[in-house]
Amino acid sequence: MTGIEARERFLAWLAAERRASPHTIEAYGRDVADLLGFLTIHRGAEPDLEAIAALRPADLRGFLAKRAKEGAQNATRARQLAAIRSFLRFLARRHGIAPLAIAGMRGPKRVPPVPRALNKADARAVGVEIGMAHQSGRAERPAYQSARDTALFTLLYGCGLRISEALGLSVGEAPLPGSDAALRITGKGGKQRVVPVLPVVRQAVADWLRHRGAAEPDEPLFLGARGKRLDAAVAQKVLRDYRRLAGLPEHATPHALRHSFATHLLAGGADLRAIQELLGHASLSTTQRYTSVDAEGLLATWRLAHPRAD
């Protein structure tokens, strides 16, 4: 079996059995292809299963050193090593090779970035004032798009959704006024979670549906200009245009609204485990990043409340 064939089988396994996201499959496929390309140059021939089985830690260190020389940061190289580990373990289970190359192999230290949240006023402005900007003529968009954008960004901040999760909703799943039913979201890896919905979010969605018009329950909730499901790149551009118009910081992005949701809940006293469930994080350590974001706010609270703070 050639290395390319092994890679294709690995990606098919990720999709069918691990139910990995398209982004993960694409990234892992690229990472394994980088390794195979390196081995082709390093050994002078396209690697087959036997050559892959003969890999040693020194080979992987050489690959990572080459990627570092090309400008790959620690986070990128750590992800590439994780992809290669998964690839070699797959080959070990399915084809009996001994994954000697990963025995005791440590990757570059990965320091997760601290999420950049918006302050409360800016986060509210994205959800509420974007519609007002359209209505006042400061943004040249029809009322149809104004209602859509307001509903989408209010949903992201009000429920802490990923942009892909919000855009994946159907009309039948839309949270509407008059109901207190929670929103059931399917996140990464097919993991489901239940998220409560604020009245302001329900009202924004209802306003959008009045502009959207009649639709079947299984049709996309958010539509683009051509009547298809709204693309994430379009939503990102809408917010990019608006933040420049409104003078919002450059990190005002759809994903920053999710960060803001978590940060503001934490500042309000929410339990970290509860925030983990609302965000759909598999690990509490991922959610704990938000404690760094709120450190300044916690310090200010301590100064105001502690008897000896003066």
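No experiment lies behind these values; they were computed from the predicted model shown.

Here we come to unusual backbone geometry. Trans is the prevailing form of peptide bonds, just as negative phi is the prevailing case for residues other than glycine. One non-glycine residue, Arg19, lies in the positive phi region at around 55°. Overall, the relative accessible area of 54% leaves Arg19 in the exposed class.

The subject of this paragraph is the confidence of the model for the protein chain. Scored by pLDDT, the protein chain comes out at a mean of 83, with 84% of its residues at no less than 70. Of all the helices and strands in the protein chain, helix H15 (residues 295–305) carries the lowest mean pLDDT, 61, while helix H8 (residues 163–167) carries the highest, 94.

Another point: the nonpolar core. Membership of the largest hydrophobic core comes to 38 residues, with the highest contact counts inside it found for Leu152, Phe153, Leu155, Leu156, Leu161 and Phe222. Elements that contribute at least two residues to this core include exactly helix H6 (120–136), helix H7 (143–159), H8, strand E1 (183–186), helix H9 (199–212), helix H10 (232–246) and helix H11 (254–267). The biggest single contributor to this core is H7, with seven residues. Contacts of Leu155, omitting those with residues within four sequence positions, involve Gly160, Leu161, Ala166, Leu169, Leu183, Val201 and Phe222. Among the nonpolar cores identified, the runner-up in size contains 26 residues, and Tyr28, Leu39, Leu60 and Leu81 belong to it.

Here helix H1 (residues 3–16) contains 14 residues, and its C-alpha end-to-end distance of 20 Å stays within 8% of the 20 Å for a straight helix at 1.5 Å per residue. Every buried residue belonging to H1 is among Gly3, Ala6, Arg7, Phe10, Leu11, Trp13 and Leu14, and all of these are buried. Along the axis of H1, the buried positions cluster into a sector of 155°, meaning they face one direction only. Buried-residue contacts for H1 involve helix H2 (22–43), helix H3 (49–53) and helix H5 (74–95).

If you walk through the whole model with that rule in mind, you get seven aromatic pairs. Look at Trp13 and Phe90: their rings are 5.3 Å apart centre to centre, the planes differ by 35°, and that puts the pair in the tilted class. Of this pair, Trp13 sits in helix H1 while Phe90 sits in helix H5; the two residues are 77 residues apart in sequence, bridging distant segments of the chain. Taken together, Phe10, Trp13, Phe87 and Phe90 form an aromatic cluster joined through their ring pairs.

Running from N to C, H2 and H5 cross one another at 85°; their axes reach a closest spacing of 9 Å. Comparing their axes, H5 and H2 come out roughly perpendicular. Taking contact as the criterion, the partners of Ala27, Tyr28, Arg30, Asp31, Val32, Asp34 and Leu35 in H2 are, on H5, Arg79, Gln80, Ala82, Ala83, Ile84, Ser86 and Phe87. Residue composition of the contact of H2 with H5, by class: eight nonpolar, two polar and four charged.

Time to look at H7. Note that an α-helix has 3.6 residues per turn; residues three or four places apart therefore point the same way. Taking 1.5 Å of rise per residue, 17 residues should cover 24 Å, and H7 covers 24 Å from first to last C-alpha, within 8% of that figure. H7 sits mainly inside the fold: 14 of its 17 residues count as buried. Directly beyond the C-terminal end of H7, a positive phi value near 70° is found at Gly160.

About the criteria used
Numbering of residues starts from 1 in every chain and runs along the sequence as written. Totals for whole chains, interfaces and linings use all residues, but because this is a predicted model, local features are given only for residues with pLDDT of at least 70 and pairs of side-chain atoms are given and counted only at 80 or more. With hydrogens and water excluded, all non-hydrogen atoms of the structure serve as input to the side-chain values. Note on exposure labels: buried denotes an accessible area under 20% of the residue type's maximum, exposed denotes more than 50%, and partly exposed covers the range between, all computed with a 1.4 Å probe on protein chains only. The predictor rates its confidence in each residue with pLDDT, a number between 0 and 100. Starting at the N terminus, helices and strands are each numbered in turn, a helix being any DSSP run of H or I of at least four residues and a strand any DSSP run of E of at least two. We call a set of buried Ala, Val, Leu, Ile, Met, Phe, Trp, Tyr and Cys residues a nonpolar core when their side-chain atoms join them within 4.5 Å. Should any heavy atoms of two residues lie within 4.5 Å, those residues are counted as being in contact. For a helix, the expected span equals 1.5 Å multiplied by the residue count minus one. What the arc measures is the spread of directions leading from the helix axis to the C-beta atoms. Classification of ring pairs rests on two measures: the distance between centres of Phe, Tyr or Trp rings, Trp counted by its six-membered ring, which must be within 6.5 Å, and the angle between planes, read as stacked under 30 degrees, edge-to-face over 60 and tilted in between. Angular values range over 0 to 180 degrees, each being the angle between N-to-C directions of two axes fitted as lines to C-alpha atoms, with helices fitted over their stretch in contact. Throughout, the term roughly parallel applies to angles under 35 degrees, roughly antiparallel to angles over 145, roughly perpendicular to angles from 65 to 115, and oblique to all others. Throughout this entry, Asp, Glu, Lys and Arg are counted as charged residues, while Ala, Val, Leu, Ile, Met, Phe, Trp, Tyr, Cys and Pro are counted as nonpolar. The remaining residues, Gly among them, count as polar.

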